[in-house]
Every structure is written in structure tokens, then in C-alpha cells.
Amino acid sequence: MKRTILLGAVFFAASLATPAFAGGSGDGAGAGNLNGALLASNCVVCHGQGGHSQGYTPSIDKLDKFQMLTRLTEFKSGARKGTIMPRIAPGYTDAQLEAIVNELTGN
Amino acid sequence: MSNNKSNNTSRRDFLKIAGATGAVSAFAVSGCAMGPSGTGPRVVVVGGGFGGSTAARYIKKFGPDFRVTLIEPGRNYVTCPFSNAYLGGIVDLNTITHGYGGLAKAGVHVVHDLVTGLDGANKTITLSSGKTVEYDRLIVSPGIDFKWDLGYDEAASLLAPHAYKAGSQTVLLKKQLEAMDDGGTVIIAPPGNPFRCPPGPYERASMIAYYLKHHKPRSKVLILDRKDKFSKQGAFMEGWKRRYGSLIEWVPAKDVGNITSVDAGARTISTEMDTHKAGVLNFIPNQKAGKVAHVMGLTNGCDWCPVDQITFESSVVPGVHVIGDAAVVKGMPKSGNAANSQAKVCAWAVVQLLSGASEVEPAVTSNTCYSLVSDDYGIHVSVIWKGTPEGYEKTSGGVAPANQSDDFRKQEAKYAHGWYANITHDIWG
């Protein structure tokens, strides 16, 4: 069901330059959407804009790419315990997790 | 596509002036001194709740040069999420009330007005002030309206509040709880499916129980349901037992029987078998898409708005997108977080389409919902979905596991507050 995005007008190119358009190589079956800006927008409802939390939920803006990806991968595999993240992380492919981390860490 | 007299007048005025001046912005036409910033395509968003406010903000985020106008009659928005915590006395009204200054600062042109008509062919909407607004794409987030029935109508809601649109109704319910004698019964009658915020009535029972336990310990909460099961049921019932013993009683529809009438003045609910008398009656009516969706002709004569599952474009009127509680989105609940997620996916799609894309890739999106059982006891449900043309397929998620420690539940309660602070900052901050 994967469809292609064709970009038209160029005056928004800067804001649209995200991993979404890097293609869908992914990590096997159902690689799916790799749009980092859109994927990472799922995270901000708990972790705050830019990963800087306004409340009791942890800020994640100080984590580097390796730290964040390691945590997400561990939540996904079950190696890391938590309240809610063990139910969230497995919903993303490895390639999507990497796109999220790239977006949130500015890589 | 309603066309009342004032619409026609506005349209005529518009054509007259537009004809004389050539290509002018809708706001120059309508006489507004200020218009939306930018020089890009014009996106108009109707409705300043979770869906609409998010959409307006994220159009500006994904397409900074887009001209974005948000039309919302209210000056402030009181959120349904955490309105139950207000009933419990855990947060104040100010905490759950948000203005539109943050959106204005983000470059959204906020107009406080009410939509009275849609002309989908000419891509214009008319407002109660008589103004006409042009759009390149329109995003509508109408929320819900009630199906008044069983003798319960808007006038009745002033006696026995539904409190299912937050604001004055929520304040009225809290005042009634405070005025009730110790030993009284609070009856909550949740709606039938589908309805806004599936765990909402049960979190409400929890928060009212929290208030009663501390202030009126001889009182109880009776839930007379129109369903035989409910969202997060196991987790709620475990929490009720742990925090409130037998203070909350839930009666499934099969034991309630058919509700035949509601007497808001007498605070009674009658069924085929019985009449239940309440100290405080919280009757929550069955629901349909918000009024503006019907006025704009987006429901196809039904209760809710059919949409393309990937772009949220209306199946009824091309160029118009519908998001949030009012839209039929297969696989997703009607929740504030789902509206926020749909708005982001829709904003992305709209920016793509107005930038020349012919198709939009399905999104991976999410819903995180916390409910407070007590001040120190939270429970979550979280889902990740991947979009398909047929709806949203769950890729992971579920309800908080059973039989966890008090520390775990306390952590979840803190995260519930964190979620609220961050999602409202994401939207209105």
C-alpha cells in the first residue's frame, strides 16, 4: 500500500527536507513511513516540544543519538523496563525509530 | 453547502469587490485589517479544540509560508481531558483553560467567529458576522454535539449537567457535588457507542469517588450503563477496588434495562424495570458530529463525517478535510490525543497536496491516553497505528498491565499530568 510522495512547489523545501524522502528501505517487512518530522510529532505529546518536557514526564532533549536509539531499541526488545514505553516502542520498525531519533537529536 | 440569505449577500458582496480589485486576499475583501502572515497557500481551520488548534499550528510548522486562519467562536477553550480531575479537586479550572495567544504567536491568524455556511464549489465559507473567507484547503474539526432524547435536552442539562463539553457544565456539576448531602448517590449514565473519550465516564466516576471519599464518605457512585463493557474496564475495576472499596457500583446495560426517560428536575432515571433517584444526576447523551459539520453538509445525512483515511479529506466535499471526534476514522477512538495525531497527519497531507503532491504516503501515528483513578493512581492505554486506505491498523500498544505496585500506579499518575502539560503546550502553548 506504499505510495509515492511527489514534491511540487519548492518554497517549502527546507521544512520538508526530512528523512521521509530518503526512501523506504527500512528493516524488512512493512518498512512503512519514514517521515521523521511526522513520526517524532507522536513523541512530543508526552516528552514536550523538542523533547523538552513541561511536566513530570522525562525530558529527552539531552540524549544523544546513540543513547536515545539504544533506549528505544531496548524498550522494543523488552530488555528495558518502563511503564508505557514497552508498549509504544514495538509499534515502530527499526528504520522508523532511527528516523525519530534523527529528528529529535537534529541528525 | 448551505446557502442562507446572509451567505448569498456575503457572496454577492465578495464578487462585487473582487471583480473591482482583482486578486485580493479574502481578508482584504471581508474588511479585516489583519490577515494571516505568509504568501503561500491559504488553509482555513474551523474549530479551536484539540484537532483544529493542532492542525493550525502544524500547518505553520510543516509549511511556514502557508497562510493559516483559525476560526473559533470561543475566546478560551476548556479541555475535556483533566476536567474530571477538576471535579475531583486535583486541578483548578485555570489549569484546564487555554487561550489562543500561543497560536497567534506561531503565525496563525485567529478569528473569533462562527461558520454559517460552506460553498465547496467556490471554496468559501461564510461567517455569522457576514464575512466570507476563501480557502485553498479547509480543515474542519467540529467536535461533538448531543442527540437530545429520553426527555433530556439542553434545558435539562442546566438542571442535570452532562458536563461532556467542558466549561460551564463542568463547573455546574462540581457545584452540585459540593452541595449534595453526605449519603447521597451520584448517578452517572454513560452514553452508548460511539462517543467522545471512551474512558471518560469511568475516569469521572473515579474522580467523583475521590472527592466523595475525602468529603462525603457515606455517599456512593452508581453507574447505569448503556453498554455491557467499557474502555480500560479491568484496569478501572482493579483501581476502584484498591482505592474505593465498594464506593463505585457499575451496572451493565443488560442489568439496567432500557432507559425510558430522564427527569432532570427530579433527578431520576427511569427504566422498564425501575426508577433511580440521584442526589446528583450526570446523564451523558448519545452523540453525533458537532453542529458545524451538519451546517456545512459534511455528514452526508448521517451522524458523523466520512473521510479518506490517509488525508482526512471529506468523502462529501472535495478540498475539505475533517478531523477529530466528528470524523469516521476506522480503528481510532474519539479522543483528544487521537484528534491531535489526526491533525498532524492531516496537516502534513494538506501541505503536501498544496505543494503539488499527487498522493500522500500513509502515516504511522499514535494515541496515548491516561486516566486518573485517584491522585496517586494512573492507568494508560497507548496504541501505535499504521495508516491504510481502509483505516488504522494497530502495530503495538495496550492497556497498563494489571496487578502493578502502588509505585507503578503513582508514576503513571505523574505521567498523566506530564502528558497533559505537554500535549496542551504542543497545541496552545
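Residues numbered from 1 in each chain as written. Chains lettered and ligands numbered in written order. Predicted model: local features only at pLDDT ≥ 70, side-chain atom pairs only at ≥ 80, totals over all residues. Heavy atoms only, no water.

### Some words on the interface of chain B and chain A
Here comes step 1: Every contact between the two is made by 56 residues of chain B and, on the other side, 45 residues of chain A.
Here comes step 2: At the boundary of chain B with chain A, total buried surface from both sides reaches about 4,100 Å², with 61% on carbon and sulfur atoms.
Here comes step 3: Three residues stand out in chain B for area buried against chain A, namely Trp348(B), Glu361(B) and Asn422(B), and they jointly supply 18% of the buried area on that side.
Here comes step 4: In this structure, the connection of chain B to chain A is made through zero salt bridges.
Here comes step 5: In this structure, the connection of chain B to chain A is made through 15 residue pairs in polar contact (both at pLDDT 80 or more).
Here comes step 6: Secondary structure elements with two or more residues in the side of chain B that touches chain A: helix H3 (50–62), helix H12 (336–354), strand S22 (364–374), strand S23 (377–388), strand S24 (391–399) and helix H13 (406–428) of chain B.
Here comes step 7: No other element matches the 13 residues that H13(B) contributes to the side of chain B that touches chain A.
Here comes step 8: Residue classes in the side of chain B that touches chain A are distributed as 25 nonpolar, 23 polar and eight charged. (Contact = heavy atoms within 4.5 Å. Buried area = accessible area lost by both parts, 1.4 Å probe. Salt bridge = Lys/Arg side-chain N within 4 Å of Asp/Glu carboxyl O. Polar contact = N/O pair within 3.5 Å; in protein donor to acceptor, adjacent residues only side chain to side chain. Helix = DSSP H or I, 4+ residues; strand = E, 2+ residues; numbered from the N terminus. Nonpolar A, V, L, I, M, F, W, Y, C, P; charged D, E, K, R; others polar.)

### Things to note about helix H7 (residues 168–179) of chain B
Here comes step 1: Compared with the 16 Å implied by 1.5 Å per residue over 12 residues, the 16 Å span of H7(B) between its first and last C-alpha is a close match.
Here comes step 2: Those residues of H7(B) that are buried are in contact with helix H4 (83–88), helix H6 (154–157), strand S11 (185–189), helix H8 (200–215) and strand S17 (280–283) of chain B. (Expected span 1.5 Å × (residues − 1).)

### Focus on helix H9 (residues 233–244) of chain B
All names here are of chain B.
Here comes step 1: With 12 residues, H9 extends 16 Å between its outermost C-alpha atoms, agreeing within 8% with the 16 Å of an ideal straight helix rising 1.5 Å per residue.
Here comes step 2: Restricting attention to buried positions, one finds in H9 the residues Ala235, Phe236, Glu238, Gly239, Trp240, Arg243 and Tyr244.
Here comes step 3: One or two steps after H9, the chain reaches Gly245, where phi turns positive at roughly 60°. (Buried < 20%, exposed > 50% of the residue type's maximum accessible area, 1.4 Å probe, protein only.)

### A closer look at the packing of aromatic side chains
Residues and elements named next belong to chain B.
Here comes step 1: One pass over the structure, following the stated rule, counts 17 aromatic pairs over all chains.
Here comes step 2: Centre to centre, the rings of Phe62 and Trp348 are 4.8 Å apart; their planes meet at 85°, and the pair counts as edge-to-face. With a gap of 286 residues between them, Phe62 in helix H3 and Trp348 in helix H12 connect regions that are remote in the sequence.
Here comes step 3: Grouped by ring-pair contacts, the aromatic residues Tyr202, Phe230, Phe236, Trp240 and Trp250 constitute a single cluster. (Phe/Tyr/Trp six-rings, centres within 6.5 Å; stacked < 30°, edge-to-face > 60°.)

### Section: the sheet that holds strand S13 (residues 248–251) of chain B
All names here are of chain B.
Here comes step 1: The strand order across the open sheet built from four strands is S13-S12-S11-S17, with neighbouring strands paired in parallel fashion. Each edge of the sheet is formed by a strand with only one pairing partner; in this case those strands are S13 and S17. If you compare each strand with its neighbour and ignore which way they point, the axes differ by 15° on average.
Here comes step 2: As paired strands, S11 and S17 are joined by four bridges and run parallel to one another. Within the sheet, the bridge partner assigned to Ala189 lies in S17 and is Phe283. (Pairing = 2+ DSSP bridges. Axes fitted to C-alpha atoms, helices over the stretch in contact; angles between N-to-C directions.)

### With respect to the domain arrangement of chain B
Many analyses report the size of an interface as the accessible area lost when the parts associate.
Residue and element names in this part refer to chain B.
Here comes step 1: Along its sequence, chain B is carved into domain 1 (5–145 + 288–428) and domain 2 (153–285).
Here comes step 2: Taken residue by residue, the interface counts 38 residues in domain 1 and 31 residues in domain 2.
Here comes step 3: Approximately 3,000 Å² of surface area, both sides summed, lies buried where domain 1 meets domain 2, with 59% of it carried by carbon and sulfur atoms.
Here comes step 4: Interface area lost by domain 1 to domain 2 is led by Asn84, Leu87 and Val373, which between them contribute 22%.
Here comes step 5: Connecting domain 1 to domain 2 are six salt bridges.
Here comes step 6: Asp145 is the partner of Lys165 in a salt bridge, and the nearest nitrogen-oxygen pair spans 3.9 Å.
Here comes step 7: Linking domain 1 to domain 2 there are 18 residue pairs in polar contact (both at pLDDT 80 or more).
Here comes step 8: Elements with a minimum of two residues in the side of domain 1 that touches domain 2: H4, strand S10 (144–146), S22, S23 and H13.
Here comes step 9: Taken together, the residues of the side of domain 1 that touches domain 2 break down into 19 nonpolar, 12 polar and seven charged. (Domains from an automatic or database assignment.)

### With respect to the nonpolar core
Residues and elements named next belong to chain B.
Here comes step 1: With 135 residues, the main nonpolar core has Ile125, Leu138, Val221, Trp240 and Met296 as its most contacted residues.
Here comes step 2: Among the elements that take part in this core, H12 stands out by supplying nine residues, more than any other.
Here comes step 3: Shared between two domains, this core holds at least three residues of each, these being domain 1 (5–145 + 288–428) and domain 2 (153–285).
Here comes step 4: Those residues in contact with Trp240, other than ones at most four positions away along the chain, are Tyr202, Ala205, Ser206, Ile223, Phe230, Gly245, Ile248, Trp250 and Val373.
Here comes step 5: Among the nonpolar cores identified, the runner-up in size contains 17 residues, and Ala160, Leu222, Val251 and Ala264 belong to it. (Core = buried A, V, L, I, M, F, W, Y, C linked by side-chain atoms within 4.5 Å.)

### Some remarks on the pattern of salt bridges
All names here are of chain B.
Here comes step 1: Within the structure shown, the criterion is met by 21 salt bridges over all chains.
Here comes step 2: Of the charged contacts, one joins Glu249 and Lys220 as a salt bridge, the two residues approaching to 2.9 Å between their closest N and O atoms. With Glu249 in strand S13 and Lys220 in strand S12 (residues 220–224), this residue pair connects regions lying 29 residues apart in the sequence.
Here comes step 3: Given the relative accessible area of 29%, Lys220 is considered partly exposed.
Here comes step 4: The residue Lys227 makes a salt bridge to Asp225 at a minimum N-O spacing of 3.0 Å.
Here comes step 5: Assessed through its relative accessible area of 8%, Lys227 is described here as buried.
Here comes step 6: For Asp225, a relative accessible area of 0% gives the class buried.
Here comes step 7: One salt-bridge network, held together by shared partners, links Glu238, Arg242, Arg243, Asp376, Asp406 and Arg409.

### Some words on the environment of Gly47(B)
All names here are of chain B.
Here comes step 1: Here Gly47 shows up in the loop between strand S1 (42–46) and H3.
Here comes step 2: In this structure Gly47 comes out as buried when scored by relative accessible area, which is 11%.
Here comes step 3: Once the C-alpha coordinates of Gly47 and Val280 are considered, the two residues, 233 residues apart in sequence, prove to be 31 Å apart.
Here comes step 4: If sequence neighbours within four positions are ignored, Gly47 has contacts with Gly52, Ser53, Leu70, Ile71, Glu72 and Ser141.

### A closer look at the packing of H3(B) against H12(B)
All names here are of chain B.
Here comes step 1: Closest axis-to-axis distance for the H3/H12 pair is 8 Å, and the angle between their directions is 35°. Our pair here, H3 against H12, has a crossing hand that is right-handed. Taking contact as the criterion, the partners of Phe50, Gly51, Thr54, Ala55, Tyr58, Ile59 and Phe62 in H3 are, on H12, Gly336, Ala339, Asn340, Ala343, Lys344, Ala347, Trp348, Val350 and Val351.
Here comes step 2: Residue composition of the contact of H3 with H12, grouped by class: 11 nonpolar, four polar and one charged. (Left-handed = near helix turned anticlockwise from the far one by under 90°.)

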